[in-house]
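Take a look at the letters that make up each chain.
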Amino acid sequence: MGVAPSSRDPRLVAVHRGGSLAEANHRLLAAWAADCAERVLPLFEVASSGDTRPADALSTARAWAAGQRSMSQARAAAVAAHAAARATIGPASLAARACGHAAATAHMADHDLGAAYYALLAIEADGASSAQMDAERRWQLDVLPEPVAELVRSDMRLRSAKFQDKFQMT
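In what follows, the accompanying structure is described. (Residues numbered from 1 in each chain as written. Predicted model: local features only at pLDDT ≥ 70, side-chain atom pairs only at ≥ 80, totals over all residues. Heavy atoms only, no water.)

1. Thoughts on the overall build of the chain
Moving on, step 1. Counting its secondary structure elements, the chain contains eight helices and zero strands.
Moving on, step 2. Shown N-terminal to C-terminal, the secondary structure of the chain runs as helices and strands in the order α-α-α-α-α-α-α-α.
Moving on, step 3. What you see for the chain is a C-alpha radius of gyration of 15 Å, in line with the 15 Å of a compact globule of 170 residues.
Moving on, step 4. Expressed as lengths along the three principal axes of its C-alpha atoms, the size of the chain is roughly 45 × 35 × 25 Å.
Moving on, step 5. Expressed as a percentage of the 170 residues in the chain, the buried residues total 49%.
Moving on, step 6. Long-range pairs, those at least 24 residues apart, make up 66% of the contacts in the chain with a sequence separation of at least 6. (Helix = DSSP H or I, 4+ residues; strand = E, 2+ residues; numbered from the N terminus. Rg over C-alpha atoms; globule rule 2.2 N^0.38 Å. Buried < 20%, exposed > 50% of the residue type's maximum accessible area, 1.4 Å probe, protein only. Contact = heavy atoms within 4.5 Å.)

2. A few points about helix 6 (residues 112-125)
Moving on, step 1. A rise of 1.5 Å per residue sets the reference length of helix 6, with its 14 residues, at 20 Å; its end C-alpha atoms lie 20 Å apart and thus fit the reference within 8%.
Moving on, step 2. The buried fraction of helix 6 is high, at eleven of 14 residues.
Moving on, step 3. All of the buried residues in helix 6 are Asp112, Leu113, Gly114, Ala115, Ala116, Tyr117, Ala119, Leu120, Leu121, Ala122 and Ile123.
Moving on, step 4. At the exit of helix 6 stands Gly127, carrying a positive phi of roughly 100 degrees. (Expected span 1.5 Å × (residues − 1).)

3. A short note on helix 4 (residues 71-86)
Moving on, step 1. Between its first and last C-alpha atoms helix 4 spans 23 Å; for 16 residues at 1.5 Å apiece the expected length is 22 Å, and the two agree.
Moving on, step 2. Residues of helix 4 that are buried include every one of Ala74, Ala77, Ala78, Ala81, His82, Ala84 and Ala85, and no others. Relative to the axis of helix 4, the buried residues are bounded by an arc of 150 degrees and lie together on one face. Of the exposed residues in helix 4, the ones pointing more than 90 degrees away from its buried face are Val79 and Arg86. (Arc of directions from axis to C-beta.)

4. Quick notes on the side chain of Arg137
Moving on, step 1. With respect to the helices and strands, Arg137 occurs in helix 7 (residues 130-142).
Moving on, step 2. A polar contact of 3.1 Å, which involves the side chain of Arg137, links it to the backbone oxygen of Gln168. (Polar contact = N/O pair within 3.5 Å; in protein donor to acceptor, adjacent residues only side chain to side chain.)

5. Some thoughts on the environment of Leu121
Moving on, step 1. Assignment of secondary structure puts Leu121 in helix 6.
Moving on, step 2. A relative accessible area of 13% means that Leu121 is categorised as buried.
Moving on, step 3. Sequence separation between Leu121 and Arg153 is 32 residues, and the spatial gap between their C-alpha atoms is 18 Å.
Moving on, step 4. Among all residues touching Leu121, those that are not within four sequence positions of it are Leu94 and Lys166.

6. What to know about the side chain of His101
Moving on, step 1. Within the secondary structure, His101 is located in helix 5 (residues 90-104).
Moving on, step 2. When residues no more than four places from it in sequence are discounted, the contact partners of His101 are His82, His111, Gly114, Ala115 and Tyr118.

7. Brief notes about the environment of Arg138
Moving on, step 1. Counting through the fold element by element, Arg138 comes out in helix 7.
Moving on, step 2. The exposure class assigned to Arg138 is partly exposed, which follows from its relative accessible area of 42%.
Moving on, step 3. A C-alpha to C-alpha distance of 9.7 Å links Arg138 and Gln168, two positions 30 residues apart in sequence.

8. Observations regarding the nonpolar core
Moving on, step 1. In this structure, Leu29, Trp32, Ala102 and Phe167 are the most contacted members of the largest nonpolar core, which totals 48 residues.
Moving on, step 2. Among the elements of the structure, helix 1 (23-38), helix 2 (41-47), helix 3 (53-65), helix 4, helix 5, helix 6, helix 7 and helix 8 (146-158) are those that each provide at least two residues to this core.
Moving on, step 3. Among all residues touching Leu29, those that are not within four sequence positions of it are Leu12, Leu21, Thr105, Ala109, Asp112, Val148, Leu151 and Val152.
Moving on, step 4. With five residues, the next largest nonpolar core counts Ala30, Trp64, Ala65 and Ala74 among its residues. (Core = buried A, V, L, I, M, F, W, Y, C linked by side-chain atoms within 4.5 Å.)

Set out below in structure tokens:
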């Protein structure tokens, strides 16, 4: 059994790693992260047609959430999506990062907020109005699976400074 690093919230560390996050809830977080990232994937695909790494990361995140891929496969897909992000700029890069974080949620559950955060950054960089940003934030919260909703909301509050208050409504 692993030991939960003291810098990580034990509520977001899997039970088998010494935390308190049940496997079913971990998988729900990965599915939610993939939902958030999927909404901005077109920003990457328009800029980098033919590069499937971010889409592959989303597919792998969803497959991991369904118990059909290993954590190692999801981690490799995350690394590939982040490499795709480095190969482009602007909204496309941010969208690829959202996809990478969605897949990385299989390895470390607290990457779920990275997917939501980078999705918000991507639409902001693409010129979204404050009303559109608020609508996206509301959507992210509205689609949270009930078993993990309060955990995610609590984590958003705790890490608001790190995420530059992007999860706050304007």
